[in-house]
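# Remarks on the overall topology
Spelled out from the first residue to the last, the chains are:
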Amino acid sequence: MRISLVAANWKMNGNRTFAERFFTDLELESVSADVVVCPPFPYLSLAARAAEEKGSFAVGGQNLSHELDGAFTGEVSAHMLLDCNVRYVIVGHSERRSFYHETSELVAKKFVAAQAVNLIPILCVGETLQERDQGHTLEVVASQLQAVKAVIEEDAWKRSVVAYEPVWAIGTGKTASPEEAQSVHKFIRTQLGDVGSKVQILYGGSVKSANASALFAQADIDGALVGGASLDAREFAGICRAAV
Ligand code: PEP
């Protein structure tokens, strides 16, 4: 049995007051899923303190460097995240792939850097609208996974999370139908090999409390990576409650 996981990705939103209010308002008492909150770097320590006090969620980073340390101005290493009591880190989000030109090979190095210090990478994969319209969804997802497979042992997937995030569904209000998402999730699981059945595979793309239950009812959808709707503590908690 896989435990469900719901992760909040605040992206570059919020400030100190927002973060303090969010954690005060976050009510996860009746939630059985694992919950992760990924704030911007400056609020990681604040989030980690709230996580320790509440004991109901873990903290994640939104990005990390593939380098371990050194002269890399502006970068944040896996060790630094660990030092801030971070347990998860998002790698390969489509906004990093498109705005910052992160290749699948660089994303794979970040995945390895995270695991080297026992952080759990949340690897994002997904196709653009054009790729989808041309019927290339599975090919794109397979090649994004392949870049990671090329540099890890199969067993390493067990210490990771995969998020299927169709790019056309991120921040657009459009979601893949539960059936469409399920078929890609099933495909991803087969691509992970023998350990596939043990890996949490999340769906991401305009998930809200109103559409979460139908998505989570699918056999291979183990939770969600949530952007916009994670900026409202009550709405986010509603999504967490839908994950059983
Ligand atoms: C995301 O950025 O990972 C995401 C899924 O965003 P949204 O929920 O806003 O579509």
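Here's what I pulled together on the structure shown here. Treat the numbers as computed from the prediction; the structure is a model and nothing was measured. (Residues numbered from 1 in each chain as written. Predicted model: local features only at pLDDT ≥ 70, side-chain atom pairs only at ≥ 80, totals over all residues. Heavy atoms only, no water.)

All chains considered together, the criterion is met by nine salt bridges. A salt bridge links Lys 158 to Asp 155; its shortest N-O distance comes to 3.4 Å. The class of Lys 158 is partly exposed, set by a relative accessible area of 40%. The partner of Arg 189 in a salt bridge is Asp 220, with the nearest N and O atoms 2.6 Å apart. (Salt bridge = Lys/Arg side-chain N within 4 Å of Asp/Glu carboxyl O. Buried < 20%, exposed > 50% of the residue type's maximum accessible area, 1.4 Å probe, protein only.)

Moving on to the nonpolar core. Of all hydrophobic cores here, the largest spans 71 residues; its most connected members are Phe 23, Phe 57, Trp 157, Ile 188, Phe 216 and Phe 236. Residues contacting Ile 188, with those up to four places away along its chain left out, are Val 125, Val 141, Leu 145, Val 162, Tyr 164 and Ile 201. Cys 38, Ala 58, Ile 90 and Leu 225 belong to the second largest nonpolar core, which has 13 residues in total. (Core = buried A, V, L, I, M, F, W, Y, C linked by side-chain atoms within 4.5 Å. Contact = heavy atoms within 4.5 Å.)

A few words on the site of the ligand. Every one of the 14 residues lining the ligand counts as a neighbour, but Lys 11, Glu 165, Gly 171, Ser 206 and Gly 228 are closest to it. Note that an oxygen atom of the ligand is positioned 2.6 Å from one of the side-chain N or O atoms of Lys 11. Within the side chain of Glu 165, an N or O atom sits 2.7 Å from an oxygen atom of the ligand. Notes on the ligand: free accessible area 290 Å², of which the protein chains cover 96%. Looking at side-chain class alone, the shell around the ligand contains four nonpolar, eight polar and two charged residues. (Near = heavy atom within 4 Å. Polar contact = N/O pair within 3.5 Å; in protein donor to acceptor, adjacent residues only side chain to side chain. Areas by Shrake-Rupley, 256 points an atom, 1.4 Å probe, with all protein chains shown as cover. Nonpolar A, V, L, I, M, F, W, Y, C, P; charged D, E, K, R; others polar.)

Before going further, it helps to examine the packing of aromatic side chains. Evaluation of the coordinates by the stated rule reveals nine aromatic pairs. Between Trp 10 and Phe 18, the ring centres sit 4.9 Å apart and the planes meet at 75°, which makes this aromatic pair edge-to-face. The class for Trp 10 is buried, based on a relative accessible area of 1%. On the accessibility criterion, Phe 18 (23% relative accessible area) is partly exposed. On the basis of an interplanar angle of 40° and a centroid distance of 6.4 Å, the ring pair of Phe 22 and Phe 236 is categorised as tilted. Highlighted residues: Phe 22 in helix α1 (residues 16-25) and Phe 236 in helix α10 (residues 233-242), separated in sequence by 214 residues. The residues Phe 22 and Phe 236 share a single accessibility class, namely buried. Positioned above the aromatic ring of Trp 168, the side-chain terminus of Arg 132 is 4.1 Å from the ring centre. (Phe/Tyr/Trp six-rings, centres within 6.5 Å; stacked < 30°, edge-to-face > 60°. Helix = DSSP H or I, 4+ residues; strand = E, 2+ residues; numbered from the N terminus. Lys NZ or Arg CZ within 6 Å of the ring centre and 35° of its normal.)

The subject of this paragraph is the sheet that holds strand β2 (residues 34-38). Ordered by their spatial adjacency, eight strands build a closed barrel running β1-β2-β3-β4-β5-β6-β7-β8, and the pairing between neighbours is parallel. Strand after strand, the sheet turns through a mean of 25° between neighbouring axes, direction not considered. Of the strand pairs in this sheet, strand β1 (residues 5-9) and β2 are connected by five bridges, and their pairing is parallel. By the bridge assignment, Leu 5 is partnered in β2 with Asp 34. Contacts from helix α5 (residues 104-116) reach β4 (88-91) and β5 (120-125), with the element oriented near 160° to β5. Against the sheet, helix α8 (residues 178-191) makes contact with β5, β6 (161-164) and β7 (200-204), and its axis sits at roughly 145° relative to β7, the strand it touches most. (Pairing = 2+ DSSP bridges. Axes fitted to C-alpha atoms, helices over the stretch in contact; angles between N-to-C directions.)

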